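What follows is the residue order along each chain.
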Amino acid sequence: VKNSEVSFLSDTPGLLLPNSAITDLNGLISINAISKITGIYAISASIFGSTQKWTLIFYDPNSSASGTGWYIPLDGNGVSLNGKATFEFASKYTKNIASGNLDFQFNTGQIKLKSTGISWVVVSGSIVQFKGTATVNGEAGYFFQVTAQDKAEPGVGKDTFAIKIWNGDPENGGILIHSSCNTISGGSIQVRAK
């Protein structure tokens, strides 16, 4: 709708964006958002009582992360899922395009995931987050998001790994089929921010 006011809001601290802006004669709008901190920001835009939400990524193209290891998967409540999960990943930007790979296997859950693409990579301090598409047990159409931390416990040196896997795009009704996390029992994660 042309010449209409759109209100903007972020529920994530550290992002500067206008409170509102006016659409042009074509009903379109563009805004500038500013952040000095790399991260994943949740944005919402409201007009005439209707709200749309999306994710805004601020990243450092010179950062990268990699890791290999295994852990005992815990669910979101800290309950063991039984068995052992293994992972190997590399994530970075090449000419400002996210790239990398992820292999994840959880035999007890009958999950063998291989990435087919990386959508984005965000490094914040010792933490890397990346999202992409994958096959699970050879079948396409799956999405994943990983959060890993390099030496998460100061003085102890325990790295952590967490993964979520969806059948379908989680932003368009995809179904969560696996979610687990834990301190890794073996291996290493390296996060590099330049």
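Residues numbered from 1 in each chain as written. Predicted model: local features only at pLDDT ≥ 70, side-chain atom pairs only at ≥ 80, totals over all residues. Heavy atoms only, no water.

Enquirer: Outline the packing of aromatic side chains, listing residues and values.
Expert: In this structure the tally under the stated criterion is 10 aromatic pairs. Between Y71 and F87, the ring centres sit 6.3 Å apart and the planes meet at 50 degrees, which makes this aromatic pair tilted. Of this pair, Y71 sits in strand β5 (residues 64-71) while F87 sits in strand β6 (residues 85-94), placing them 16 residues apart in sequence. Y71 gets classed as buried once you look at its relative accessible area, which sits at 0%. Ring plane angle 35 degrees and centroid distance 6.3 Å describe the contact between F89 and F161, whose orientation is recorded as tilted. Here F89 is found in strand β6, whereas its partner F161 is found in strand β11 (residues 160-167), with 72 residues between them in sequence. Stacked on the ring of W70, the Lys or Arg K84 has its end atom at 4.7 Å from the ring centre. (Phe/Tyr/Trp six-rings, centres within 6.5 Å; stacked < 30°, edge-to-face > 60°. Helix = DSSP H or I, 4+ residues; strand = E, 2+ residues; numbered from the N terminus. Buried < 20%, exposed > 50% of the residue type's maximum accessible area, 1.4 Å probe, protein only. Lys NZ or Arg CZ within 6 Å of the ring centre and 35° of its normal.)

Enquirer: Let's hear about the sheet that holds β5: which residues, and what values?
Expert: Strands pair in a sheet through their backbones, by hydrogen bonds, and they do so in one of two ways: parallel or antiparallel. Pairing within the open sheet is antiparallel, and its nine strands lie in the order β12-β11-β10-β9-β8-β7-β6-β5-β13. The open sheet has two edge strands, β12 (175-183) and β13 (186-192), and neither has a second partner. For this sheet the average axis-to-axis angle between neighbouring strands, irrespective of direction, equals 15 degrees. Across nine bridges, the pairing between strand β9 (residues 127-136) and strand β10 (residues 139-149) is antiparallel. Pairing of I127 across the sheet is with Q149, part of β10. (Pairing = 2+ DSSP bridges. Axes fitted to C-alpha atoms, helices over the stretch in contact; angles between N-to-C directions.)

Enquirer: Please give an account of the side chain of D60 that cites residues and values.
Expert: Among the structural elements, D60 can be located in the loop between β4 (50-58) and β5. D60 gets classed as buried once you look at its relative accessible area, which sits at 17%. Within the structure, the side chain of D60 is placed 2.9 Å from the backbone nitrogen of N62, a separation counted as a polar contact. (Polar contact = N/O pair within 3.5 Å; in protein donor to acceptor, adjacent residues only side chain to side chain.)

Enquirer: How would you explain the sheet that holds strand β1 (residues 5-10) if you had to name every residue and give the values?
Expert: Pairing is antiparallel across the open sheet formed by four strands, whose spatial order is β2-β1-β3-β4. Unpaired on one side and paired on the other, β2 (20-22) and β4 mark the two borders of the sheet. Each strand of the sheet is rotated relative to its neighbour by a mean of 25 degrees, with strand direction disregarded. Both β1 and strand β3 (residues 39-47) contribute to a ladder of four bridges, which runs antiparallel. Residue pairing for β3: S7 is matched across the bridge by S46.

Enquirer: Residues and numbers for the nonpolar core, please.
Expert: Counting residues in each nonpolar core, the largest one holds 31 residues, and the members touching the most others are F89, L102, F104 and F161. Contributing elements (two or more residues each) for this core: β5, β6, β7 (97-106), β8 (111-124), β9, β10, β11 and β13. In terms of residues, this core owes the most to one element, β8, which gives seven residues. (Core = buried A, V, L, I, M, F, W, Y, C linked by side-chain atoms within 4.5 Å.)

Enquirer: Describe the side chain of S44, with residues and values.
Expert: Within the secondary structure, S44 is located in strand β3. We classify S44 as buried; its relative accessible area is 12%. Not counting the four nearest positions on each side in its chain, S44 is found in contact with S7, F8, L9, T51, Q52, K53 and W54. (Contact = heavy atoms within 4.5 Å.)

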